[in-house]
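# Observations on the model geometry
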Amino acid sequence: MKNQPNPSLPWKDYEKFAFRFVFIFFILFIVLLDWSVNPILSQLYYYGPLSTVLDASISWLGEHFFQIPRLIISPYDGEHNDRTYVYLLYFLIASLALVGTVVWSLLDRKRTTYQQLYYWLTTIIRYYLAFTLFLFALEKFFKMQFPDLGYYTLTEQVGDMSPMHLAWAFFSYSYGYNIFMGIAECAALLLLFRRTTTFGAILTMGALANIVAVNFNYDVHAKMYPLALFVMASFLLLRDAHRILRFFFSGQAVSLPRIKAPVFQKRWMNTSKTIVKYLVIGFFLMYQVKEYFDYQKFMQENLNAKSKFSGLYDIESFVVNKDTLTQNNPLRWRQIIIGDKMADAIRFQKDSTAFINVQPDKKEIVIYGNLTDLSFKEQQIYNEKGMSDDTWIKMDSILVNHKLVDRFRFELSDSNTMKLRGIIRNDSVYITAKRSPINIEDFRLMKRRFHWINEASYFY
């Protein structure tokens, strides 16, 4: 294999050092932190040694190096929360990259450039960003990330919303805006081809800049992840940054040369490389689309199963150990929301909320409470039984058996009256709730759609 003629000057020492660090850091980031985008790495994580090694390393680092006293929660597939685990993983990746860079620099002092390795790194980043942003776009096209507004959001006072909930309500309202965001994120597919890499990097940086701005200003749980993707896109643009600045501010004629790709001496090898390229692109794009069709079908089946019970239920009576609680009692529930695409939940007095999992086939409700507490409880189970599909499937039953969550059985005595029986902290509880006649389409927000003509602002 040989490179196309590329008479470039030798790299400066700091450029070589920086490239070595960036190379190691980005590769470790993709493999260790964002394995969920790649189905091959995902299998390695769950069914290979990757999760075991990472969890052990992060636990040791948190406990012994940073003296973190609390349980460290592992991420799950597709999750990019800025939890303690992820920040420790960033530290581990940066430390390994720094050590690796020093060792690499000592062992490879005579090399003048890394042109060929630069090509392969940009190829990995281009494909990674393209497939990742395409996955984000599918979230919008299938309306999975921002589902349709339901009872939970529509009946929540704006003042009681978290900043993230407010942002999600804004995005969830309009499917057209979801399509717009998805198309903007699909611009990353231009990164799959060297000819359009620079243009694709500019558009991708624009899309990611908006995500970063939203996530930081609305306290969305994933702040560092889109920022890391933005840095990757910036790296792709760095090569042409001076040319782009000259184009916009100097008025000089500018050309953007493509990244030089390795060329094999034998024709069949070059042909094979092209075939493999399009097979990889086709596989990942079709795999992701199929996954979302399957996921949408699963979510719709789950929603259909709950349709008989869906609605907003106002609590009529709340009896604890044969003692009926008054309306002002803080332990008394206020509402039950079932069949909302965003969240099934219980509202207590004031603004307290507990999230629930409704199992219509068993006519059971599992009450999780605070999602942060739930994450710690689930991690305890995974630490005890290991991270496996079997543990994940049985998680609700395990949590109930360990008395870490509460379970209620329910039934409809008539079409609008629900009766629930269960135990909370060793107290027997009996609840009667009445389904509200409110229809989602009756809310002003849902009735007021697009209007070409507005004689005055409809701001009320």
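Here is what the cut-offs are and how they apply
- Residues numbered from 1 in each chain as written.
- Predicted model: local features only at pLDDT ≥ 70, side-chain atom pairs only at ≥ 80, totals over all residues.
- Heavy atoms only, no water.
- Helix = DSSP H or I, 4+ residues; strand = E, 2+ residues; numbered from the N terminus.
- Buried < 20%, exposed > 50% of the residue type's maximum accessible area, 1.4 Å probe, protein only.
- Contact = heavy atoms within 4.5 Å.
- Areas by Shrake-Rupley, 256 points an atom, 1.4 Å probe, with all protein chains shown as cover.
- Lys, Arg positive; Asp, Glu negative; His and termini not counted.
- Charge placed at Lys NZ, Arg CZ, Asp CG, Glu CD.
- Core = buried A, V, L, I, M, F, W, Y, C linked by side-chain atoms within 4.5 Å.
- Patch = residues over 30% accessible without salt bridge, like charges linked within 9 Å, V, L, I, M, F, W, Y side chains within 5 Å.
- Salt bridge = Lys/Arg side-chain N within 4 Å of Asp/Glu carboxyl O.
- Polar contact = N/O pair within 3.5 Å; in protein donor to acceptor, adjacent residues only side chain to side chain.
- Expected span 1.5 Å × (residues − 1).
- Pairing = 2+ DSSP bridges.
- Axes fitted to C-alpha atoms, helices over the stretch in contact; angles between N-to-C directions.
- Parallel < 35°, antiparallel > 145°, perpendicular 65-115°, else oblique.
- Left-handed = near helix turned anticlockwise from the far one by under 90°.
- Nonpolar A, V, L, I, M, F, W, Y, C, P; charged D, E, K, R; others polar.
- Phe/Tyr/Trp six-rings, centres within 6.5 Å; stacked < 30°, edge-to-face > 60°.
- Lys NZ or Arg CZ within 6 Å of the ring centre and 35° of its normal.
- pLDDT = per-residue confidence, 0-100.

## Description of the overall build of the chain
- Each helix and strand counted, the chain has 16 helices and 11 strands in total.
- The principal-axis extents of the C-alpha atoms in the chain amount to approximately 85 × 65 × 40 Å.
- The proportion of buried residues among the 460 residues of the chain is 44%.
- Considering only contacts within the chain whose residues lie at least 6 apart along the sequence, 63% involve residues at least 24 apart.
- Accessible surface for the chain amounts to roughly 26200 Å². Of this, 60% is attributable to carbon and sulfur atoms.
- If you average the places of the 51 positive and of the 40 negative side-chain charges in the chain, the two averages end up 10 Å apart.

## Topic: the nonpolar core
- Within the largest apolar cluster, 68 residues are counted, with the highest numbers of intra-cluster contacts made by Phe29, Leu89, Leu129, Leu229 and Met232.
- Secondary-structure elements contributing two or more residues to this core are helix H1 (13-33), helix H3 (50-65), helix H4 (84-107), helix H5 (115-141), helix H9 (197-217), helix H10 (224-238) and helix H12 (267-306).
- Examining the composition of this core, we find that 15 residues originate from one element, H5, more than from any other.
- Beyond its immediate stretch of four places on either side in the chain, Leu89 contacts Leu32, Leu33, Leu54 and Ile58.

## Points about a nonpolar patch on the surface
- Taken together, the side chains of Phe17, Leu98, Val99, Val102, Val103, Leu106 and Leu107 present a nonpolar region at the surface, about 660 Å² in accessible area.
- Mapped onto the fold, Val102 is located in helix H4.
- Here Val102 falls in the partly exposed class, since its relative accessible area comes to 38%.

## Remarks on the side chain of Asp55
- Looking at the element boundaries, Asp55 is found in helix H3.
- One buried charged side chain, Asp55, makes no salt bridge at all; its nearest oppositely charged neighbour is Arg83, positioned 9.5 Å away.
- Only 2.8 Å separates the side chain of Asp55 from the side chain of Tyr85, close enough to count as a polar contact.

## Describing H1
- Taking 1.5 Å of rise per residue, the 21 residues of H1 would be expected to cover 30 Å, and the 29 Å separating its terminal C-alpha atoms lies within 8% of that figure.
- Regarding H1, the residues found buried are Lys16, Phe19, Arg20, Phe23, Ile24, Phe25, Phe26, Leu28, Phe29, Ile30, Leu32 and Leu33.

## Looking at the pairing of strand S8 (residues 364-369)
- Of all 6 residues in S8, 6 are buried; the element is thus mostly enclosed.
- Going residue by residue along S8, you find Glu364, Val366 and Tyr368 tucked away on one face and Ile365, Ile367 and Gly369 tucked away on the opposite face as well.
- When strand S7 (residues 353-359) meets S8, the two strands line up antiparallel, connected through 5 bridges. Of the residues in S8, the one forming a bridge with Ile356 is Ile367.
- Linking S7 back to S8 in an antiparallel pair, the connection comprises 4 residues, with Lys363 at a positive phi of about 55°.
- Note that S8 and strand S9 (residues 406-414) share 4 bridges and pair antiparallel. Each residue of the ladder has a partner; that of Ile365, found in S9, is Phe408.

## Concerning the packing of H5 against helix H8 (residues 175-186)
- Where H5 contacts H8, the axes come no closer than 8 Å and their chain directions differ by 165°. The orientation of H5 with respect to H8, classified from their angle, is roughly antiparallel. Seen from above, H5 lies across H8 with left-handed handedness. Mapping the contact onto sequence places Leu133, Phe134, Phe136, Ala137, Lys140 and Phe141 in H5 and Tyr175, Asn178, Ile179, Met181, Gly182, Ile183, Glu185 and Cys186 in H8.
- Residues of the contact of H5 with H8, tallied by class, amount to 10 nonpolar, 2 polar and 2 charged.

## Notes on the pairing of strand S5 (residues 333-338)
- Of all 6 residues making up S5, 5 are buried, and the element is well covered by its neighbours.
- Note that strand S3 (residues 311-320) and S5 share 4 bridges and pair antiparallel. The residue of S5 that forms the bridge with Asp314 is Gln335.
- Direction of pairing for S5 relative to strand S6 (residues 345-348): antiparallel, over a ladder of 4 bridges. Of the residues in S6, the one forming a bridge with Gln335 is Arg347.

## A word on the packing of aromatic side chains
- The full count for this structure, using the stated rule, is 38 aromatic pairs.
- Between Trp104 and Tyr114, the ring centres sit 5.5 Å apart and the planes meet at 75°, which makes this aromatic pair edge-to-face. Placement of the pair is Trp104 in helix H4 and Tyr114 in the loop between H4 and H5, with a sequence separation of 10 residues. Take Trp104 and Tyr114: they sit in the same class, and that class is buried.
- Both rings, one in Phe247 and one in Phe248, keep their centres 5.1 Å apart while their planes meet at 80°; by these two values the pair is edge-to-face.
- The exposed category is assigned to Phe247, whose relative accessible area is 51%.
- Members of the aromatic cluster, joined through ring pairs, are Phe146, Trp168, Phe170, Phe171, Tyr177 and Phe180.
- In this structure, Arg448 packs its charged tip against the face of Tyr458, placed 4.1 Å from the ring centre.

## Remarks on the confidence of the model for the chain
- When pLDDT is averaged along the chain, the result is 89, and 96% of the positions lie at 70 or above.
- A low-confidence stretch, residues 1-7 (pLDDT under 50), is modelled with 15 contacts involving residues beyond four sequence positions or located in other chains.

## Observations concerning unusual backbone geometry
- You will see that Asp219, though not glycine, has its phi angle at about 50°, which is positive.
- Within the element layout of this structure, Asp219 appears in the loop between H9 and H10.
- A positive phi angle, near 50°, is found at Arg425, a position not held by glycine.
- By the element assignment, Arg425 lies in the loop between strand S10 (417-424) and strand S11 (427-435).
- The exposed category is assigned to Arg425, whose relative accessible area is 73%.

## A few points about the pattern of salt bridges
- Counting across every chain of the model gives 15 salt bridges.
- A salt bridge links Asp294 to Lys290; its shortest N-O distance comes to 2.8 Å. Taken together, the positions of Asp294 and Lys290, both in helix H12 and 4 residues apart, correspond to about one turn of that helix.
- A salt bridge links Glu364 to Arg409; the shortest N-O distance between them is 2.5 Å. Taken as a pair, Glu364 in strand S8 and Arg409 in strand S9 lie far apart in primary sequence, 45 residues in all.
- Judged by relative accessible area, Arg409 falls into the partly exposed class, the value being 46%.
- Each of the salt bridges in this network shares a partner with another, and the network as a whole consists of Lys143, Asp148 and Lys341.

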